[in-house]
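Survey of secondary and tertiary structure
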Amino acid sequence: MEYANLRRQAASLKRSLFDQGYLDEQFCQVEDLQDEASPNFAEEVVSLFFKDSARLVANIEQAMEKYPGDFNRWDAHMQQLKGSCFSIGASKMNNECTSFRNSCGEENAEGCRRSFQKVKREHAILRQKLESYFQLLRQAGPTRTATRPGGK
Amino acid sequence: MSSVAGGGVVGAAAAAGGTSGGAPLHVLAVDDSSVDRAVISGILRSSRFRVTAVDSGKRALELLGSENNVGMIITDYWMPEMTGYELLKKVKESSKLKQIPVVIMSSENVPTRISRCLEEGAEDFLVKPVRPSDVSRVFNRVLP
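The paragraphs below set out a description of the structure included in this document. Just so we're clear, the structure is a prediction, and the values are computed from it rather than from any experiment. (Residues numbered from 1 in each chain as written. Chains lettered and ligands numbered in written order. Predicted model: local features only at pLDDT ≥ 70, side-chain atom pairs only at ≥ 80, totals over all residues. Heavy atoms only, no water.)

**Notes on the layout of surface pockets**
Roughly 490 Å³ of volume is contained in the second largest pocket. Contributing to the lining of the second largest pocket are 25 residues, with Gln79(A), Gln80(A), Asp32(B), Asp76(B) and Trp78(B) lying nearest its centre. Among the elements of the structure, helix 3 (41-66) and helix 4 (71-88) of chain A are those that each provide at least two residues to the lining of the second largest pocket. Of all the elements, helix 4 of chain A adds the most residues to the lining of the second largest pocket, at 9 residues. (1 Å grid on protein atoms, 1.4 Å probe; cavity = no way out; pocket = protein on both sides within 12 Å on 5 of 7 lines; lining within 4 Å. Points joined across faces, edges and corners; volume = space filled by probe spheres on them. Helix = DSSP H or I, 4+ residues; strand = E, 2+ residues; numbered from the N terminus.)

Shown next as structure tokens:
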């Protein structure tokens, strides 16, 4: 009963992440790749994402400090981060990365700084929420199949 | 189980399958993004291919030089030092490697980029995020 309750909580949290735009369908695609041979595949990929994205965020921050006005360089770094966000379905982060890149295209340094703060904020929020989600899943124990929000 | 944490070369054995009756096809996945390497490896593993994932064109060529059993290459287009296009060219210029089918992946849908890769001999060009259905479609068409 307790495990069922934990799974319900995890499903509810996941649904809210979709409803609030933090995640998109690509996250479900990643979860769908889980099987008996790789039961924690999604958590492993997300863990890789946060390890990688923390490094990329630091690179961008350093680039913005060391190379002021070098929008091509800033954009190149952000392109990498955006790609990773895209691959795991980190929708809000992806959108903020796009805003940053748009500001780079306009050579709008202030716009870049504002967008970058949003990227960092969304990164922190998403990390916290996904850590909670996977913690619930670990406590709930293995299930047969991943589910999409809405119970499909 | 496929493991693609970190850079470098990571190999994994999948369950038998992926070919029409022999050992699983060995697919070399090339992507500088650890996240994308993990995802494409997961997709290929779920399709019962044997996967080796590397983080650069240079490492891909090193592996291709030392192993004779790679049956397919799937590579990201945009990588530092050597792009997927440059890797494709080197494969197609090599008498030893040119028969290996190469599929390019990219997060950007740029028609001129796609044409250039196909003209150079790529079997297909997949826009990320790559889905299992993309892999099935391409591999079923390309492989005997």
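**Re the packing of aromatic side chains**
All told, the structure shown has 8 aromatic pairs over all chains when counted by the stated rule. Here Phe49(A) and Phe50(A) contribute two aromatic rings whose centre-to-centre distance is 5.0 Å and whose plane-to-plane angle is 70°, an arrangement assigned as edge-to-face. Judged by its relative accessible area of 6%, Phe50(A) is buried. One aromatic cluster is present, built from ring pairs that chain together Phe27(A), Tyr133(A) and Phe134(A). The aromatic ring of Tyr22(A) is capped on one face by Lys92(A), whose charged end is 4.2 Å from the ring centroid. Note that Arg45(B) overlies the ring of Phe41(A), its terminal NZ or CZ placed 5.4 Å from the centroid. (Phe/Tyr/Trp six-rings, centres within 6.5 Å; stacked < 30°, edge-to-face > 60°. Buried < 20%, exposed > 50% of the residue type's maximum accessible area, 1.4 Å probe, protein only. Lys NZ or Arg CZ within 6 Å of the ring centre and 35° of its normal.)

**What about unusual backbone geometry?**
Residues and elements named next belong to chain B. Following Lys128, the chain continues to Pro129 via a peptide bond in cis, the omega torsion being 5°. With respect to the helices, strands and loops of the structure, Pro129 is situated in the loop between strand 6 (124-127) and helix 5 (132-142). One non-glycine residue with positive phi stands out, namely Arg48, at about 75°. Look at Arg48 and you get partly exposed, because its relative accessible area is 38%. In this structure, Glu81 takes a positive phi of about 70° despite not being glycine. As for its position among the elements, Glu81 is in the loop between strand 4 (70-76) and helix 3 (84-93).

**Concerning the interface of chain A and chain B**
Residue-level contacts link 21 residues of chain A with 21 residues of chain B. A buried area of about 1,700 Å², summed over both sides, lies between chain A and chain B, and 56% of it is on carbon and sulfur atoms. The largest per-residue losses of area from chain A upon contact with chain B belong to Leu33(A), Leu48(A) and Phe86(A), which jointly make up 30% of the total buried on that side. Between Asp35(A) and Arg45(B) there is a salt bridge, with its nearest N and O atoms 3.1 Å apart. Between the two partners, chain A and chain B, sit 5 residue pairs in polar contact (both at pLDDT 80 or more). Elements with a minimum of two residues in the side of chain A that touches chain B: helix 2 (25-32), helix 3 and helix 4 of chain A. With 7 residues, the single largest contributor to the side of chain A that touches chain B is helix 4 of chain A. Class assignment for the residues of the side of chain A that touches chain B results in 9 nonpolar, 8 polar and 4 charged. (Contact = heavy atoms within 4.5 Å. Buried area = accessible area lost by both parts, 1.4 Å probe. Salt bridge = Lys/Arg side-chain N within 4 Å of Asp/Glu carboxyl O. Polar contact = N/O pair within 3.5 Å; in protein donor to acceptor, adjacent residues only side chain to side chain. Nonpolar A, V, L, I, M, F, W, Y, C, P; charged D, E, K, R; others polar.)

**Things to note about the environment of Cys104(A)**
All names here are of chain A. Summarising the element assignment, Cys104 is placed in helix 5 (residues 91-105). What makes Cys104 buried here is its relative accessible area of 4%. When the C-alpha positions of Cys104 and Asp75 are compared, they lie 6.2 Å apart, and in sequence the two are 29 residues distant.

**So, the pattern of salt bridges**
This structure, assessed with the given rule, holds 18 salt bridges over all chains. Between Arg114(A) and Glu110(A) there is a salt bridge, and its shortest N-O distance comes to 3.9 Å. With Arg114(A) and Glu110(A) both in helix 6 (residues 109-140) and 4 residues apart, the pair spans about one turn of that helix. With a relative accessible area of 41%, Glu110(A) lands in the partly exposed category. Members of the salt-bridge network, linked through shared partners, are Asp31(B), Asp36(B), Asp76(B) and Lys128(B).

**A look at the nonpolar core**
If you look at the biggest cluster of nonpolar residues, it comprises 66 residues, and the most contacted ones within it are Leu81(A), Leu130(A) and Leu44(B). Examining the composition of this core, we find that 12 residues originate from one element, helix 3 of chain A, more than from any other. If you look at the next biggest cluster of nonpolar residues, it comprises 23 residues, including Val30(B), Val70(B), Leu87(B) and Leu88(B). (Core = buried A, V, L, I, M, F, W, Y, C linked by side-chain atoms within 4.5 Å.)

The analysis is restricted to geometry; functional conclusions fall outside its scope.
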